[in-house]
Each structure stands twice: as structure tokens, then as C-alpha cells.
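# Overview (structure and organization)
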Amino acid sequence: MLRTIFLLSLLFALSNASVQDFCVANLKRAETPAGYPCIRPIHVKATDFVFSGLGTPGNTTNIINAAVTPAFAAQFPGLNGLGLSTARLDLAPKGVIPMHTHPGASEVLFVLTGSITAGFVSSANAVYVQTLKPGQVMVFPQGLLHFQINAGKSSASAVVTFNSANPGLQILDFALFANSLPAELVVGTTFLDATTVKKLKGVLGGTG
Ligand SMILES: *[C@@H]1O[C@H](CO)[C@@H](O)[C@H](O)[C@H]1NC(C)=O
């Protein structure tokens, strides 16, 4: 009898323990490095854990003929605090996600349609490139330079997932040519010729 009472009271105590299963984003508050503050659990709905925006292709009418549709905490409040984020990638014919890195996350790419050549370069400068078909996934280790380019004549799409809410993004050509870094420093630090640097600064909107 005593044992039963003890077990019942233990069960009761455990069921009331405030385990924080999730922290659905309060988008009315500012995002911090740790994510958004949580809304109160009583206000959480099933739809907070669902994002419907990845079913629609992004607009690829731009210089890279490609679009990234994010599903981060700002778009997908249920992801907040879980250390994950995801996005849809659309590549029109000739579309490319130029050489870039995510300083804060590894990435898994899952090809939905079309054919995508993807690759990364390791710290040892080894090159790992594959042309992927629908259903295949490729992983890009954290921080390494990588790219995706349409390998076919039709459009291609993929879903990417990151093991961080804030993977970060630095695009190599933008870092070199789309800012005010003086042309002579770009020439001096990249071994490119001045004409090429000037041309790329022009195309990408850089100054200096
Ligand atoms: C796609 O983007 C282009 C360039 O910004 C714009 O002109 C076009 O209207 C957009 N298309 C759609 C369907 O939103």
C-alpha cells in the first residue's frame, strides 16, 4: 500500500515536472543569438510545427538563375531553439548557388527534381564533386566552401537542412567583389588581374 502511494506520488511529480519540449518563436520579440523568446505553451498550435512554404518554387529570375526559400525560425516558429533549419533550393537551367560557406553548420542536400552537380573543397584542398539525381542526398561538412549548379536542361529543385538555426552564409564572389574592398587589395590577395577584378566588381555591384 505504502509502495503504491509512493509510486503514484512519484508519477504525479514527474508528470508535473516542467520539461521544456519546445520553444515556439515569439516573432513579435527580437531574435537573439540563442533564438527568439518562446510563446507560452498554452498558445502553441499544431500549425506552429508545420511550414507550407517549401512546396512552391522560388523566383529564379535573377543573376544566378536560382532561388533559396528559407524555413528558419522567422518563417517556421516551431523550429526555434531546436538547432535546425531548412530551405528549398530552385535552380532554373544554368542556375547556380555560387561557391559559398556556412560558418555555423553542416548541410544535407536532398534532390527533389532535375539533376544537380554539387561539391565541396576540404581544408586540405581535396575536391569532392558529384552529380546527383532525385532521391540522392549529399552532405557538406561545416565551414567548407561548396556549390550547387544545375547539371541538366530543365529546372532542378532540392531541400537543404542545416544542423544549426543560424548556419550563416558567406558567398565567395560577393566577399571578394561585391563590397568596398579596394581593387588593388583584391588583385594583390587573389592573384587575379586588375581587368577581371574591375569587371566582377562592376557585375556584382562592388566599389573601390
Ligand atoms: C520574379 O522576379 C523578377 C525580378 O525581380 C520579377 O520581375 C518577376 O515579376 C518575379 N516573378 C514572379 C512570378 O513573382
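Thresholds, definitions, all that
Residues numbered from 1 in each chain as written. Predicted model: local features only at pLDDT ≥ 70, side-chain atom pairs only at ≥ 80, totals over all residues. Heavy atoms only, no water. Salt bridge = Lys/Arg side-chain N within 4 Å of Asp/Glu carboxyl O. Buried < 20%, exposed > 50% of the residue type's maximum accessible area, 1.4 Å probe, protein only. UniProt positions renumbered as here; feature names shortened; annotations may be inferred. Helix = DSSP H or I, 4+ residues; strand = E, 2+ residues; numbered from the N terminus. Contact = heavy atoms within 4.5 Å. Polar contact = N/O pair within 3.5 Å; in protein donor to acceptor, adjacent residues only side chain to side chain.

To continue, consider the pattern of salt bridges. Applying the stated criterion across every chain yields a total of two salt bridges. In this structure, aspartate 48 engages lysine 45 in a salt bridge whose closest nitrogen and oxygen atoms are separated by 3.7 Å. On the basis of relative accessible area, lysine 45 is assigned to the partly exposed category, the value being 48%. Note that aspartate 90 and arginine 88 form a salt bridge whose closest N and O atoms lie 2.8 Å from each other. Here aspartate 90 matches arginine 88 in class, with each residue buried.

This brings us to the UniProt feature "binding site: Mn(2+)" (unreviewed entry) in the protein. Under the local residue numbering, the UniProt record ascribes the feature "binding site: Mn(2+)" (unreviewed entry) to His100, His102, Glu107 and His146. In summary, the annotated positions, though distributed over 47 residues, converge in three dimensions, the widest C-alpha pair being only 12.0 Å. Take histidine 100: it is sitting in strand β3 (residues 96-101). According to the relative accessible area criterion, histidine 100 is buried, its value standing at 3%. Not counting chain neighbours up to four residues away, the residues in contact with histidine 100 comprise Glu107, Leu144, Leu145, His146, Phe147, Gln148, Leu169, Gln170, Ile171 and Leu172. A distance of 2.7 Å separates the side chain of histidine 100 from the backbone oxygen of proline 98, its partner in a polar contact. For glutamate 107, the position within the fold is in strand β4 (residues 107-113). Since its relative accessible area comes to 2%, glutamate 107 is described here as buried.

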